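Observations on chain architecture
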Amino acid sequence: MQVKKRLDYQVPKFQIECVDLIFDLVPEATIVTSQLSICRVDINSKDALILDGYELELISLSLDGRRLDENEFEVSDTQLIIKNLPENFILTITTRIDPKHNTSLEGLYYASDAFCTQCEAEGFRRITYYLDRPDVLSIFTVTVRADKKAYPFLLSNGNVIDSGDLVDGRHFVTWHDPFKKPAYLFALVAGDFDVLEDQYITRSQRKVCLQVFVEKGRLYQAQHAIQSLKKSMKWDEDTFNLEYDLDMYMIVAVDFFNMGAMENKGLNIFNSKFVLAQPDSATDEDYFNIESIIAHEYFHNWTGNRVTCRDWFQLSLKEGLTVYRDQWFSHDMTSPLSNRIKQVNVMRSHQFAEDASAMSHPIRPDEVIEMNNFYTVTVYDKGAEVIRMMHTLLGDAGFKAGIQLYFERHDGQAVTCDDFVAAMQDANHYDLSHFSRWYSQSGTPEITVEQVYDAQQRLLTLNLVQATPSTSAQPKKHPLVLPIKYECLQADGKLVQAKEDQGNGVVVMSTGSLTMSFSDVDESSIVTLFNGFSAPVKLNQHFTPAQRLRIIQSSQDDFVKWEAMQGLYIQSVQYLVDNHVSLSDQNSVNEILQQFLQLDTLSSWIDKNMSRPELMAELLSIPSTESLLQALPKRDILHLHQARKNVTQYMLYEFKTVFEHHYGALIEHQPIYEYEQLQVNNRRLIGVLLQFLVHEPAYHHLAYEHFTHSNNMTDTLSSLKAAQIVQDDSFYKMMDKFAYEWSHDLVVMDKWFSLQATVERDDILSQLTLLQAHPMFNIQNPNKVRALIGSFAFFNVPGFHAANGKGYDFMTQYLMQLDHVNSQVAARIITPLTQWQLHTPERRELMIKELRRLLAHTGLSRDLFEKVSKSILQYEEIH
Ligand code: TRP
Ligand code: ZN
């Protein structure tokens, strides 16, 4: 299969000035007429015009009004080639497509009685022949014609310039988008919806009409979305001076969608789970996600649409920056601590895993087979961490000046990551040339720390060394620039500055090694490094449990306390697993951990700090089994999973009375539901405490009680998760009641499917087979597939990783089926199977066996081919 390389980039031979599209919408046979006014870029060249196209039926083709014969052009599966063209000309192309049978959900598709498009990255070529690349920017005028009764709303980008009735009960609307855009930002929606309307007045007093389109009868679930949009618009004005630029901003919620949402100019299309919310159907987490994804897509209007990417290798230019912007927004809207922890957990448990896998790539990849495979945690989340480091290095004012220069230089252009870094550098007269290696080097740097104390001089020295493990694409790795935030804690609680501090609380490491020194300090000083995850690295720094307990009690930084507590959990699991402690004997586990950790000394501190529910909810969250595997690679994941449960039991044994007391106190004063930070924090802590308590038979009944008393989805879900741990009759009673109550709501039922898929029971595979036959399950709906099959593969540790390999076998069979329906979704949920690197040799072999089976499967998509073949190759290189 064809590999595309970043360094092969060539400027386009032709530009398309204007596009006029006419859609005659019919579910099984839509006619698309496209009129392109095209000009040659280099007037002296004789290059042929090569348009992209995929699964199109060409009906007719005319050049400057003259119909072309079949011998005047060439059509292949992926291209339309026309030779002997003049300098300027008009091409008219008519194609027929079948939206109804388009299950890939790319291009134009028909689902839930509506037409909908998804063109990023290369979906426009499934609609008509075009120069489907982001550096071809054009002015779009779009006419949509369809049956008026079935599709009263005909939407596209920009503003309405014409509309009216046609014969046979059809009607039309014509849209014009005054901003030049690449084809991936084109959108069209046609259907019947309810609309929530509102208005936003920009800081320069322009009126913008806001509309949220939802399934009929769900208007009451669109309030939070529209409020989130208004907050985002205001925030971008206040923070970056960026205003919205059209008279209309539309958001459409659809049930069939491959990802979260899409930033099409003036017409965002959203997965309905990131729009619809009301207290009894959405959790606090759902409310949070809706607000941050609405913001993300809104922010793309500047970082992505006004300034877009030159080619898809530059994807992080828009995604890394926009994720950084939405994280900053969420941080301002909600709470810094839990947000940062969430982001760091994504990096550690998903991005680090990706970087250790065969899919490891720099945030600006060098080689791609299927572009859809590069919408990754590396490009998005590590990309955002790279932007954050620039912010740390340049300071707030410098960072904002850089952003301003970036827009001054590049508004209306398609540019590269280098252009972005250059703007940052030039606005600050700060040399970022070494820093920019973060764009080209893949892998996770590992930092080791050695500490020396000179008692005579009362001088503490830390020697840091960085190294990045090699990857097959990049055998030799170089040192990166790392901003280090730190704390040097004294016995009296005071903090001491490092000699190497730049004056802003940051020490910068820019070569392979670095010395940090602290003078006139105690021998018992504790230095914590990379606080707040100031660089995306793995840190090997040894602390004893006693030191960690001291950090928890006396650090001035809550994030640092959280890190210390995480360290204690990981250390405990490691101690149990590596010393072969008998995990079935909880009493002896308790004794061993008590001796090792001395956690009883923390009891009164915990009791006192329960008045800080956010901090305590974070500290009492034991790392997931997946993050434990990351921190303790090559252990048997089932042992880690069991040890995690033992640590949970031990915590309960140690703090039972405190947990019980505070759980009781918290549920006593539960207010009427509001999505509001204080309430969110309390509910979070309640859920965490409940999940501890039900590990003891005496508290099993709490889950059912919590369920019965709940008046919101957050508490309901906490109680279901607790009951799932107990797994007695009441769990299934609750699940039945839930399904009965919510059978009308596709979004809510995903929670039910996901709970079913993560039950730890021996017959889980036959359960999954039964659930696939459930009337609400549909393999064509990505949300359903992710909820049932994805949750199983990602989160059902004993089921998916069963020692007999049956979980892997189940997944493989499912992927073979799904790949023909929707290869993009298949290539996402295969991830756990390609992360064999962290597992024991026996599991690796079982997983590789399944990957080989997939590779041999006939008709394998490019999406799966790329991931599977790379993974097998990596295995063969190692073994
Ligand atoms: N650009 C979108 C975002 O990050 C994501 C996206 C890329 C997408 N490809 C997609 C969304 C395909 C849906 C389907 O906001
Ligand atoms: Zn995005």
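Look up: the structure comes first, before these words.
Basis of the calculations
- Residues numbered from 1 in each chain as written.
- Chains lettered and ligands numbered in written order.
- Predicted model: local features only at pLDDT ≥ 70, side-chain atom pairs only at ≥ 80, totals over all residues.
- Heavy atoms only, no water.
- Helix = DSSP H or I, 4+ residues; strand = E, 2+ residues; numbered from the N terminus.
- Rg over C-alpha atoms; globule rule 2.2 N^0.38 Å.
- Buried < 20%, exposed > 50% of the residue type's maximum accessible area, 1.4 Å probe, protein only.
- Contact = heavy atoms within 4.5 Å.
- Areas by Shrake-Rupley, 256 points an atom, 1.4 Å probe, with all protein chains shown as cover.
- Donors = N, O, S within 2.8 Å, 3.2 Å for Na, K, Ca; no water.
- Near = heavy atom within 4 Å.
- Polar contact = N/O pair within 3.5 Å; in protein donor to acceptor, adjacent residues only side chain to side chain.
- Nonpolar A, V, L, I, M, F, W, Y, C, P; charged D, E, K, R; others polar.
- Phe/Tyr/Trp six-rings, centres within 6.5 Å; stacked < 30°, edge-to-face > 60°.
- Pairing = 2+ DSSP bridges.
- Axes fitted to C-alpha atoms, helices over the stretch in contact; angles between N-to-C directions.
- Parallel < 35°, antiparallel > 145°, perpendicular 65-115°, else oblique.
- Left-handed = near helix turned anticlockwise from the far one by under 90°.
- Salt bridge = Lys/Arg side-chain N within 4 Å of Asp/Glu carboxyl O.
- Disulfide = S-S within 2.5 Å.
- Expected span 1.5 Å × (residues − 1).
- Bend = angle between axes of the 7 residues up to and from the residue.

Focus on the overall build of the protein
Looking only at helices and strands, the protein features 27 helices and 31 strands. Expected size for 879 residues packed as a compact globule is a radius of gyration near 29 Å; at 28 Å, the protein falls within 12% of this value. Oriented by its inertia axes, the alpha-carbon framework of the protein measures out at about 90 × 65 × 60 Å. Put simply, the protein has 879 residues, and 61% of those count as buried. By sequence separation, contacts in the protein at least 24 residues apart represent 71% of the contacts at least 6 residues apart. For the protein, the exposed area adds up to about 34200 Å²; of that, 50% sits on carbon and sulfur atoms.

Some words on the coordination of the zinc ion (ligand 2)
Within the protein, the zinc ion (ligand 2) binds to His-296 (NE2), His-300 (NE2), Glu-319 (OE) and Glu-319 (OE); these donor distances fall in the range 1.9 to 2.8 Å. Counting gaps between the donor residues of the zinc ion (ligand 2) yields the pattern H-x3-H-x18-E. Remark: Glu-319 occurs in helix H3 (residues 315-333) and His-300 occurs in the loop between helix H2 (284-299) and strand E22 (308-309); sequence separation between them is 19 residues. The exposure classification of His-300 matches that of Glu-319, with both residues buried.

Some points on the site of ligand 1
Taken together, 14 residues are adjacent to ligand 1, and Glu-120, Glu-263, Glu-297, Glu-319 and Tyr-380 come closest. Here an oxygen atom of ligand 1 and a backbone polar atom of Ala-261 are 3.5 Å apart. Within the side chain of Glu-319, one N or O atom sits 3.1 Å away from an oxygen atom of ligand 1. Coverage of ligand 1 by the protein amounts to 97% of the 370 Å² it exposes when considered alone. At the level of secondary structure, the elements contributing two or more residues to the shell around ligand 1 comprise strand E20 (261-262), H2 and H3. Of the residues contributing to the shell around ligand 1, the split by class is six nonpolar, three polar and five charged.

Some points on the packing of aromatic side chains
Counted by the stated rule, this structure contains 48 aromatic pairs. Centre to centre, the rings of Phe-14 and Phe-89 are 6.2 Å apart; their planes meet at 80°, and the pair counts as edge-to-face. Of this pair, Phe-14 sits in strand E2 (residues 14-24) while Phe-89 sits in strand E9 (residues 88-97); the two residues are 75 residues apart in sequence, bridging distant segments of the chain. With respect to burial, Phe-14 and Phe-89 carry one shared label: buried. For the pair Trp-836 and Tyr-875, a centre-to-centre distance of 5.3 Å together with 80° between the ring planes defines the contact as edge-to-face.

Re the sheet that holds strand E26 (residues 459-467)
The strands making up a sheet are joined through hydrogen bonds of the backbone, oriented either antiparallel or parallel. What the four strands build is an open sheet, ordered E29-E26-E25-E31; its pairing is mixed. Two strands lie at the open edges of the sheet, namely strand E29 (513-519) and strand E31 (538-540), each paired on one side alone. Here the average twist between neighbouring strands, direction ignored, is 25°. In this structure, strand E25 (residues 446-454) lies alongside E31, joined through three bridges in parallel fashion.

Considerations on the sheet that holds strand E17 (residues 194-201)
Taken together, the five strands give an open sheet; going across it, the order is E17-E18-E19-E21-E20, and neighbouring strands pair in mixed fashion. Two strands in the sheet have a free side with no partner beyond their single neighbour: E17 and E20. When E17 meets strand E18 (residues 207-214), the two strands line up antiparallel, connected through eight bridges. Bridge pairing in E18 places Ile-201 opposite Lys-207.

A few points about the packing of helix H23 (residues 806-821) against helix H26 (residues 841-855)
Running from N to C, H23 and H26 cross one another at 20°; their axes reach a closest spacing of 10 Å. Relative to H26, the element H23 lies roughly parallel. The two elements H23 and H26 cross, and the hand of that crossing is right-handed. Across the interface between the two elements, Tyr-808, Asp-809, Thr-812, Gln-813, Leu-815 and Met-816 from H23 touch Arg-843, Leu-846, Met-847, Glu-850, Arg-853 and Leu-854 from H26.

Here we look at the pattern of salt bridges
Counted by the stated rule, this structure contains 57 salt bridges. Residues Glu-74 and Lys-83 are paired through a salt bridge, measuring 3.2 Å at the closest nitrogen-oxygen approach. Taking relative accessible area as the criterion, Glu-74 reaches 40% and is therefore assigned partly exposed. Taking relative accessible area as the criterion, Lys-83 reaches 48% and is therefore assigned partly exposed. Across the salt bridge formed by Arg-409 and Asp-426, the nearest N and O atoms sit 2.6 Å from each other. Of this pair, Arg-409 sits in helix H5 (residues 377-410) while Asp-426 is found in helix H6 (residues 417-428), placing the two residues 17 residues apart along the sequence. The exposure class of Arg-409 is partly exposed, given its relative accessible area of 33%. Salt bridges linked by common partners bring Lys-4, Asp-52, Glu-122, Arg-125 and Asp-132 together as one network.

Some words on the state of the cysteines
Taken as a whole, this structure holds zero disulfides when the rule is applied. Here Cys-209 stays free of any disulfide, with the sulfur of Cys-116 as its closest cysteine sulfur at 20 Å. Cys-209 sits in the partly exposed class, given a relative accessible area of 21%. Here Cys-417 is not cross-linked by a disulfide; its sulfur's nearest cysteine counterpart is in Cys-309, at 7.3 Å.

Section: helix H14 (residues 637-668)
For H14, with 32 residues, the first-to-last C-alpha span of 39 Å runs short of the 46 Å given by 1.5 Å per residue. Remark: the principal bend of H14, roughly 85°, maps to Phe-655. Regarding H14, its N-cap is Asp-636, as a side-chain oxygen of that residue lies 2.8 Å from the backbone nitrogen of Leu-638 further along.

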